[in-house]
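Remarks on the overall topology
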Amino acid sequence: MLKDKIGMIFGVANKRSIAWACAAACAEHGAKQAFTYQGERLKENVEKLAGELPDSLVVPCDVTNQADVDAAFDAVKERYGRLDYLIHSIAFAPKEALEGEFVTTTREAFRTALEISAFSLTQVSLAAAPLMTEGGSIVTMTYYGAEKVVSNYNVMGVAKAALEASTRYLAADLGKQNIRVNAISAGPINTLSARGVKNMGTLLGYVGEKSPLKRNVTASEVGNTALFLVSDLASGITGENIHVDCGYNIMGI
Ligand code: NAP
Ligand code: 1JT
């Protein structure tokens, strides 16, 4: 399904990362992929994982550093000559901002969360577009806390709301270049990011009980949806937010 396609994946920290599940699903269907990592700490992890896949590339990229972003896209251009899809799977907020009340969010926590978790999608889309010479597909990861108040999600919910709106504005701008931009709203998954969150176990149990499918979603189910969105099967879909959450979001009382 993705034979001869080139992808770029932001946000692999380890094998539990949603980005890794996306990359694995795409590689299984023939794609070649570049991976970015943030900081030396993750270099070895990501190089080992990427090494399991054919013809991959690994480049450092902290999205708060524009020079890193430019260098990462230069490296992709040099190695593959073009790009067909990009998966954006990064988010950050200071730990204190994901506890207590939203009303106490500091200017610094707000700025950091919005810059890394929302603005970075626009930043990488602008850099990716010139490489997507045969059209392209950009996919980002969001969460239900953008739509409804979820205790403790706080400023990340506000950042995800900005991310979802950015998805629509980017889809409108880049459509004329046949570049599609979509979001996946994943249900809670026990990744490295999620682990840092208090009461994650309780949240997983609650969602597992309330969702129509009576279970939590898996990273590989999210990966398969990303595979669909980057493939030509989704050629008519852009600006959309697909919920991959075992149906949790449709439930009322
Ligand atoms: P994860 O494995 O911890 O991935 C998050 C990634 O973001 C990490 O690779 C992290 O790198 C990266 N990152 C943070 N700051 C960065 C920066 N300045 N520059 C570049 N990369 C940076 O967790 P995940 O759960 O798979 O999260 C992936 C995405 O899915 C996020 O957007 C998250 O909001 C979204 N999502 C997750 C869930 C869930 O329940 N897990 C649900 C819905 C949506 P470092 O480790 O170096 O910081
Ligand atoms: C971050 C973290 C982004 C956790 C995230 C995230 N996107 C989804 N999750 C999982 C989650 C987190 C909370 C939650 C429900 C799900 C942690 C590090 C910063 C980026 O609240 C009920 C807080």
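The following paragraphs examine the structure supplied in this document. Values in this document were obtained by computation on a predicted structure and should not be read as measured data.

A few words on the nonpolar core. Residues Met8, Phe10, Phe73, Val76, Leu83, Leu86 and Ile138 are the most contacted members of the largest nonpolar core, which totals 46 residues. Within the residue set of this core, elements represented by two or more residues are β1 (6-10), β3 (57-60), α3 (66-80), α4 (107-128), α5 (154-174) and β6 (179-186). Broken down by element, this core gets its largest block of residues, 8 residues, from α4. Excluding its chain neighbours within four sequence positions, the residues that come into contact with isoleucine 138 are Leu86, Leu121, Ser125, Met132, Leu174, Ile179, Arg180, Val181 and Asn182.

Turning our attention to the environment of tryptophan 20. Position of tryptophan 20 among the secondary structure elements: in helix α1 (residues 18-28). Residue classification places tryptophan 20 among the buried positions, given a relative accessible area of 10%. Distance in space between the C-alpha atoms of tryptophan 20 and glycine 223 is 8.0 Å, their sequence separation being 203 residues.

Restricting attention to buried positions, one finds in helix α7 (residues 200-210) the residues Met200, Leu204, Val207 and Gly208. Angular distribution of buried residues about the axis of α7 spans 100°; they occupy a single face of the element. Residues of α7 that are exposed and angled more than 90 degrees away from the buried face: Thr202 and Glu209. Check the buried side of α7 and you find it contacts α6 (192-195).

The environment of ligand 2 is formed by 13 residues, the closest being Ala93, Val150, Ser151, Tyr153 and Ser193. One of the side-chain nitrogen or oxygen atoms of tyrosine 153 is found 2.9 Å away from a nitrogen atom of ligand 2. In isolation ligand 2 exposes 500 Å². Once the protein is present, 86% of that is buried. Of the residues belonging to the shell around ligand 2, the class tally is 10 nonpolar, 3 polar and no charged.

Moving on to the pattern of salt bridges. If you walk through the whole model with that rule in mind, you get 10 salt bridges. Close ionic contact of arginine 111 with glutamate 115 constitutes a salt bridge, the shortest N to O distance being 3.0 Å. On the criterion of helical spacing, the pair formed by arginine 111 and glutamate 115 is a turn pair, its members being 4 residues apart in helix α4. Residue arginine 111 is classed as partly exposed on the basis of its relative accessible area of 43%. In this structure glutamate 115 comes out as partly exposed when scored by relative accessible area, which is 25%. With a closest N to O distance of 2.7 Å, arginine 215 and glutamate 221 form a salt bridge.

Attention now goes to the packing of α1 against helix α8 (residues 219-230). Taken N-terminus to C-terminus, the directions of α1 and α8 make an angle of 55°; their axes are 7 Å apart at the nearest point. What the angle tells us is that α1 and α8 run oblique. At the point where α1 passes α8, the crossing takes the right-handed sense. Where α1 abuts α8, its residues Ile18, Ala21, Cys22, Ala25 and Cys26 lie against Ala219, Ser220, Val222, Gly223, Asn224, Ala226, Leu227 and Val230. Along the lines of polarity and charge, the residues of the contact of α1 with α8 split into 10 nonpolar, 3 polar and no charged.

As a structural note, the neighbourhood of ligand 1 is formed by 27 residues, with Ser17, Lys160, Ile189, Thr191 and Ser193 the closest of them. Within the side chain of aspartate 62, a nitrogen or oxygen atom sits 3.0 Å from a nitrogen atom of ligand 1. Between an oxygen atom of ligand 1 and a side-chain N or O atom of threonine 191, the distance comes to 2.5 Å. Burial of ligand 1 by the protein chains amounts to 91% of its free accessible area of 870 Å². Among the elements of the structure, α2 (40-50), β5 (136-142) and α6 are those that each provide at least two residues to the shell around ligand 1.

Let us now look at the packing of aromatic side chains. For the structure on display, the rule yields 4 aromatic pairs. Taking the centre distance of 4.7 Å and the plane angle of 70° together, the rings of tyrosine 143 and tyrosine 153 count as edge-to-face. Separated by 10 residues along the polypeptide, tyrosine 143 in the loop between β5 and α5 and tyrosine 153 in the loop between β5 and α5 bring together distant segments of the chain.

What counts and how
Residues numbered from 1 in each chain as written. Chains lettered and ligands numbered in written order. Predicted model: local features only at pLDDT ≥ 70, side-chain atom pairs only at ≥ 80, totals over all residues. Heavy atoms only, no water. Core = buried A, V, L, I, M, F, W, Y, C linked by side-chain atoms within 4.5 Å. Buried < 20%, exposed > 50% of the residue type's maximum accessible area, 1.4 Å probe, protein only. Helix = DSSP H or I, 4+ residues; strand = E, 2+ residues; numbered from the N terminus. Contact = heavy atoms within 4.5 Å. Arc of directions from axis to C-beta. Near = heavy atom within 4 Å. Polar contact = N/O pair within 3.5 Å; in protein donor to acceptor, adjacent residues only side chain to side chain. Areas by Shrake-Rupley, 256 points an atom, 1.4 Å probe, with all protein chains shown as cover. Nonpolar A, V, L, I, M, F, W, Y, C, P; charged D, E, K, R; others polar. Salt bridge = Lys/Arg side-chain N within 4 Å of Asp/Glu carboxyl O. Axes fitted to C-alpha atoms, helices over the stretch in contact; angles between N-to-C directions. Parallel < 35°, antiparallel > 145°, perpendicular 65-115°, else oblique. Left-handed = near helix turned anticlockwise from the far one by under 90°. Phe/Tyr/Trp six-rings, centres within 6.5 Å; stacked < 30°, edge-to-face > 60°.

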